[in-house]
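Here is how the chains run, residue by residue.
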Amino acid sequence: MSDATDQRLLEALLDSWDRNNTILVNLLRALPEGGLEARAMEGSPSIAEMFTHIHFVRLVFVLEDAPRVRQKSARGRVVVERDPDRIAQMLNDSAKVVRDAVKNRVEQAGT
């Protein structure tokens, strides 16, 4: 593949990632008051726990697969946030960390 094709493919991948995160944050924003405490069934994680788990797992994957990428620590356990604005910021932050790690890794592989 040519460098131009590789670059277009990378941009399409990153655009898809950005859109996925936007959908996730929009889903969070669409929850009614108290929706973050809902559970599919007794004993299952709350919606807040699932959103914060996504954030945590993203950071862990980057820590494991791209340890040179500077990020806030993902070590330890998931801290469950209850504030939807804070959760949205966490998701946006971790999405950016993943995006930057993928972009840097692909660009470094091409050099």
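Quick caveat: nothing in here was measured; it's all calculated off a predicted structure.

Enquirer: Pulling in residues and values, what's your account of the pattern of salt bridges?
Expert: Using the criterion set out here, one finds 7 salt bridges in the structure. Arg29 is paired through a salt bridge with Asp85; the nearest N and O atoms lie 2.6 Å apart. Note that Arg29 is positioned in helix 1 (residues 3-29) and Asp85 in helix 3 (residues 84-109), a separation of 56 residues in sequence. Classification of Asp85 as partly exposed rests on a relative accessible area of 49%.

Enquirer: If you had to explain the packing of helix 1 against helix 2 (residues 47-65) to someone new, which residues and values would you point to?
Expert: Put simply, helix 1 and helix 2 touch, their axes get as near as 11 Å, and they point 155 degrees apart. It follows from the interaxial angle that helix 1 and helix 2 lie roughly antiparallel. Two packed elements cross with a definite hand, and for helix 1 against helix 2 that hand is left-handed. Taking contact as the criterion, the partners of Trp17, Asn20, Asn21, Leu24, Leu27 and Leu28 in helix 1 are, on helix 2, Phe51, Ile54 and Arg58.

Enquirer: An account of the confidence of the model for the protein chain is needed here, citing residue identities and associated values.
Expert: Per-chain confidence: the protein chain averages 89 in pLDDT, with 89% of residues scoring 70 or above. When pLDDT is averaged over each element of the protein chain, helix 1 comes out on top at 95 and helix 3 at the bottom at 93.

Here is what the cut-offs are and how they apply
Residues numbered from 1 in each chain as written. Predicted model: local features only at pLDDT ≥ 70, side-chain atom pairs only at ≥ 80, totals over all residues. Heavy atoms only, no water. Salt bridge = Lys/Arg side-chain N within 4 Å of Asp/Glu carboxyl O. Helix = DSSP H or I, 4+ residues; strand = E, 2+ residues; numbered from the N terminus. Buried < 20%, exposed > 50% of the residue type's maximum accessible area, 1.4 Å probe, protein only. Axes fitted to C-alpha atoms, helices over the stretch in contact; angles between N-to-C directions. Parallel < 35°, antiparallel > 145°, perpendicular 65-115°, else oblique. Left-handed = near helix turned anticlockwise from the far one by under 90°. Contact = heavy atoms within 4.5 Å. pLDDT = per-residue confidence, 0-100.

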